[in-house]
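Listed below, chain by chain, are the residues.
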Amino acid sequence: MPVAQAPAPVFARTLRALRPGAVLAVLALLAALAAPQALAQSASRQQLYARALESFQWVMAEESRAMRRDLWGKVLERFEAVLRAGTDTEFAPKSLFYIGRSYQELSNRSGLRNDAVRAADAYQRAANRFPPGHSWVDDCLYRKAEVTYRRLGDPRTAAADLRELLAAYPNGDQAKAASALLTQITGKAQPAPAAQAAQTPRASMPAPPPASSASATVTPKIRAAYDRAVGDFNTLRASKATTSRQMRDNAARLAEVYRAVPRATLGARAAYFAGFASEEAGRRSGAREDYAQAAEYYGRAADAFDRKDSWRDDAIFRKAQVAYRNLGDEDKAYADLLLLLAEYPDGDQIKPARALLAEMDQARAKALPRPEGPMTAPAPIPALADGAPLPEDVATGTFAEATGPGVLTGVRYSSGDDFTRIVLDISGPVAFKHARLPADPAQGKTHRMYVDLDKTTLGPELKRKVEIPGGFLQSIRAGQNTASTARVVLDFKDEQEYHVLTLPDPPRIVIDVFARQSVARDRQAQQAQQQAAAPATRPDDARTPGKKEATTAHDVLAQLGMTVRTIMIDAGHGGRDPGALQYVTTKDSKGRAQKSIRTKEKDITLRAARILGKTLQERGYQVLYTRTDDTKIQLEDRVLAANIKKADLFISLHCNANNSSSVRGFETYYLGKARNDIVLRLAAKENNVDPVKISDTQKIVMDLVHSFKIEESKVLARHVQKNCVRQLSAKYKGIVDHGARSAPFFVLIGAKMPAVLVEIGYITHPAEADLLRSDAYLQRVADGITAGIDSYRQELQSGRL
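Residues numbered from 1 in each chain as written. Predicted model: local features only at pLDDT ≥ 70, side-chain atom pairs only at ≥ 80, totals over all residues. Heavy atoms only, no water.

Q: Explain unusual backbone geometry residue by residue, including any values.
A: Here the phi dihedral of lysine 455 falls at roughly 55°; this positive angle occurs in a residue that is not glycine. For lysine 455, the location among the structural elements is in the loop between strand E5 (448-454) and strand E6 (456-458). According to the relative accessible area criterion, lysine 455 is partly exposed, its value standing at 47%. If you check the backbone angles, lysine 646 has positive phi at about 60° while not being a glycine. (Helix = DSSP H or I, 4+ residues; strand = E, 2+ residues; numbered from the N terminus. Buried < 20%, exposed > 50% of the residue type's maximum accessible area, 1.4 Å probe, protein only.)

Q: Describe the sheet that holds strand E19 (residues 755-762), naming the residues involved and giving the relevant values.
A: Strands sit in the order E15-E12-E16-E19-E17-E18 across an open sheet of six strands; the sheet is mixed. Edge positions in the sheet fall to strand E15 (622-625) and strand E18 (737-743), since each of these pairs with one other strand and no more. Averaged over all pairs of adjacent strands, the angle between strand axes in this sheet comes to 25°, irrespective of strand direction. Bridge count for strand E12 (residues 566-571) against E15 is four bridges, and the pairing is parallel. Counted as the bridge partner of isoleucine 569 is tyrosine 625 from E15. Here helix H19 (residues 601-618) sits on the sheet and contacts E12, E15, strand E16 (649-656) and E19; the angle it forms with E16, its principal contact strand, is near 145°. Lying over the sheet, helix H20 (residues 635-644) contacts E12 and E16, oriented at roughly 170° with respect to E12. (Pairing = 2+ DSSP bridges. Axes fitted to C-alpha atoms, helices over the stretch in contact; angles between N-to-C directions. Contact = heavy atoms within 4.5 Å.)

Q: Outline the sheet that holds strand E11 (residues 508-514), supporting the account with residue identities and numerical values.
A: With respect to topology, five strands assemble into an open sheet ordered E6-E2-E3-E11-E10, the strand pairing being mixed. If you trace the sheet from one side to the other, it starts and ends with E6 and strand E10 (497-503), each paired once. Taken over all neighbouring pairs, the strand axes of this sheet differ in orientation by 30° on average, direction set aside. Bridge count between strand E3 (residues 419-426) and E11: seven bridges; the pairing is antiparallel. Across the sheet, aspartate 425 pairs through a bridge with arginine 508, a residue of E11. Relative to the sheet, H20 contacts strand E2 (406-415), E3, E10 and E11, its axis offset from that of E3 by approximately 165°.

So this is what it looks like as structure tokens:
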């Protein structure tokens, strides 16, 4: 087997100088040194999860307990503790699922909308965190759809989730229920899920494949080597005198067959037998490295087999069995067994897989103490002179990794007449809660909201109170509410709408506040759009609106600020943030390779913004910029400038990047959920967060109840994408159209106008990077964006949007 790449060239040369057996010994030693800590962490998370699950089951066991909100609070605390312990194991998404279950049970009993919102949010986050194809994802999607439809009254979102479930899991255990609920929502009968094809039963020890199954790349010499190695394996396995060394040699011969034809069925079966031989070597030697080698071979076999191949679930089960019984890696074993159950519910390994899962669960339950007595209620929110929060409005939040303690170093804000963005700067990530406070006329208190920062103190330079003249926000107050809790209170002149999100590097909490009259005006604008677009004659009269009707529609939209005159252009990145980079390798005078930066995204986007601005001005648009030089602008300040300046559109320009230099293309994004891992990784790059944690940011878009421009942004993105690809394809070859997509970009959150993010090319593709450095190419991009905006404006004014 090829040796894994070492972290340093010297170590790599040392490994290559060793014999294969010595290499395995070195790697085994390193693994053994790292194993105790990893196992201890795994056991700790496992114990936290098991304790939380027992708490959930204990509360559910009796209706009298299930009616108590304080007990559910304790259950939620325990599952949240699992999340804080780490997000890199199966226990994190499972905990999110049970957080959703807990809030759903609360919603069923309390009737509070916020409970249902949090349940739907947790189910979506869990679905995002489980690997694709995981057997729990369809449960998450179905329960989310159920809550969204029955408790939140949103049949459109529920139907979309159910269709996604049926498309991805047509044979899943929720398919029938999902089809029935979708029928109820749409009023249209859904086709029954197709039954999965029955698999041919087989013996536990697969026989060698018939000659007809060999791939065209399998030569007679390779087949003969396979037949001899498998025959020798059966002979060696039957003999008690066989040594572990003989089994390792046999596994090595089978591995050579696999490496010769890794994509052929014969190669996959050779990998399977190599795993079997390594497992037999482990039984004779007791050496961990033999079992580790067996798990690796079984994994390669499972990856090489076609999903319909009847040997694949054998490989998955044997890999899980070795991981659990011989390597002590319960997490990997559990994940593999769940995968087997999801993909092969009728396979011949389903019974032993379920038995092994039951054995693992029983062992876990015996190893952990049961809860001692009834659970106590969570600590209440500290009493305030400001008043008590409305119970249904208390919400918790956290950064991806809430460690604490922290220091609240600054409170800053920018405000317009109907929108204010407040930013709380913190020294490190902390957990927090926020809640709405009702007006208390007897005490002279207006409507307020507060944010409590856990394990946080106030910085010495922090201003405790800021008066805000004019507008709808009166003041911002900060105080040390308890010894370990800092509180920030926003005083409103009247009840307002708001939402809260977090941004990393540096850690900060962003609070967007929308004036109630602004929200009402946006809704009025939507209604006016629909009325203006409606025919003035009978429904069966198909004539187009006359000149007078079109003029009236345009006037109504103009009065409501729904025409396109002013455009804010945002050049992505800047200053200390270079964005994506193109590296080139050259040789110095001594022939040594040197790596240097050739192109920076921040430079390309600034040039593109200037060219686009000039082009738009020539077309009669008023143009504003978030930056006109090499300055770093915080993500939260970019769309804020567009809101305060009352821009009609927001266009953010970026360059894409990929680890593979062969990937290229043009794409346009609007705010929404990412539909695949590629888009999630791009959002992670643009949001400046760890790709492992980007799924957490998707929950933000679930909260955007104040944004009424998502549909318009989607239409604008399609117009821009279509016209840019048309312009570029007319001049350049190889333009790849990746389409208009949704993604959770921070820079688009809170926009009061249609907003899109345009990825104008891949800076990591050599040919496309050359184009990006060309003003002629950037001019074509500008022409395409301008044409897209023109097309969008025409659709808006015609009343079709």
